[in-house]
Amino acid sequence: MPPTPNPTPTTPPPDAVIPERHPQAPAPGTHLGSHYEHCFGCGPQHPGGLRIDAVAGEGLDVTAEFHVRDVHQGGPGLAHGGVLTTAMDETLGTLNWLLHAPAVTGRLETDFLSPVPVDSVLHLRAWITGVRGRKIYSAAEGRIGGPDGPVAVRAQALFIQVKLEHFTSHGRPEDIEKVLDDPDLMKRARAFEVNP
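All values derive from a computational prediction rather than experimental measurement. (Residues numbered from 1 in each chain as written. Predicted model: local features only at pLDDT ≥ 70, side-chain atom pairs only at ≥ 80, totals over all residues. Heavy atoms only, no water.)

### A look at the overall build of the protein
Assigned secondary structure in the protein consists of 5 helices and 6 strands. Listing every helix and strand of the protein by position from the N terminus yields β-β-α-α-β-β-β-β-α-α-α. Residues counted as buried form 44% of the 196 residues belonging to the protein. Considering only contacts within the protein whose residues lie at least 6 apart along the sequence, 65% involve residues at least 24 apart. (Helix = DSSP H or I, 4+ residues; strand = E, 2+ residues; numbered from the N terminus. Buried < 20%, exposed > 50% of the residue type's maximum accessible area, 1.4 Å probe, protein only. Contact = heavy atoms within 4.5 Å.)

### As for the pattern of salt bridges
Scanning the entire structure with this criterion turns up 3 salt bridges. Across the salt bridge formed by Arg-132 and Asp-15, the nearest N and O atoms sit 2.9 Å from each other. Highlighted residues: Arg-132 in strand β4 (residues 121-132) and Asp-15 in the segment before β1 (55-56), separated in sequence by 117 residues. Look at Arg-132 and you get partly exposed, because its relative accessible area is 40%. Given a relative accessible area of 47%, Asp-15 falls into the partly exposed group. Between Arg-143 and Glu-141 there is a salt bridge, with the nearest N and O atoms lying 3.0 Å from each other. Of the two residues, Arg-143 and Glu-141, neither departs from the other in class, the shared state being buried. (Salt bridge = Lys/Arg side-chain N within 4 Å of Asp/Glu carboxyl O.)

### Description of the sheet that holds strand β2 (residues 61-67)
Pairing in this open sheet of 6 strands is antiparallel, and the strands run β1-β2-β4-β5-β6-β3 from one edge to the other. Lying at the two open borders of the sheet, with one neighbouring strand each, are β1 and β3 (103-112). Pairing of β2 with β4, which is carried by 7 bridges, proceeds in the antiparallel orientation. Residue pairing in the sheet places Ala-64 in a bridge with Leu-124 of β4. Across the sheet, helix α1 (residues 81-93) touches β2, β3, β4, β5 (135-144) and β6 (151-161), and the angle it forms with β6 is around 50°. (Pairing = 2+ DSSP bridges. Axes fitted to C-alpha atoms, helices over the stretch in contact; angles between N-to-C directions.)

Any link to function would need more than the numbers given here.
Structure follows, in structure tokens:
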């Protein structure tokens, strides 16, 4: 991996490796769906949410689409920058399904190259750029006008692998209880149990 001229905390260090796709990772073409139905990024039950449904790629990458609605606007008729950053974060986070490792965002750097209009579709692609210990480095881009259209947003991220208890001990008790009472969700979550 060639050195980056101006490395940042989201730049993989020289000793980072490109990992193998986990043998139990979702098959290429699989819709990854929601990890929690009320998640702002991927949950189908969140009224103003992004409802991003990523699709597993062939390697260590995913694709998704974000349909920009009126509730996502910042400037008149334009997607809010924070919402675009959330779309990038959500898509980057789904990469962890390919490694079969739960992880949380440690750092996210976003560059905005052009405005994204309301009623447009942001075509997202994310990929893993390296792993070192519990740190997962990744990058993403969002294009308008189609998967090969001009890049409107770019991001680089650092995710940190965590144990399942991270998600079942830090939230509101009533939300944690909903998750723990859902046998399908818990079965899916336990499949990603790691011991970092």
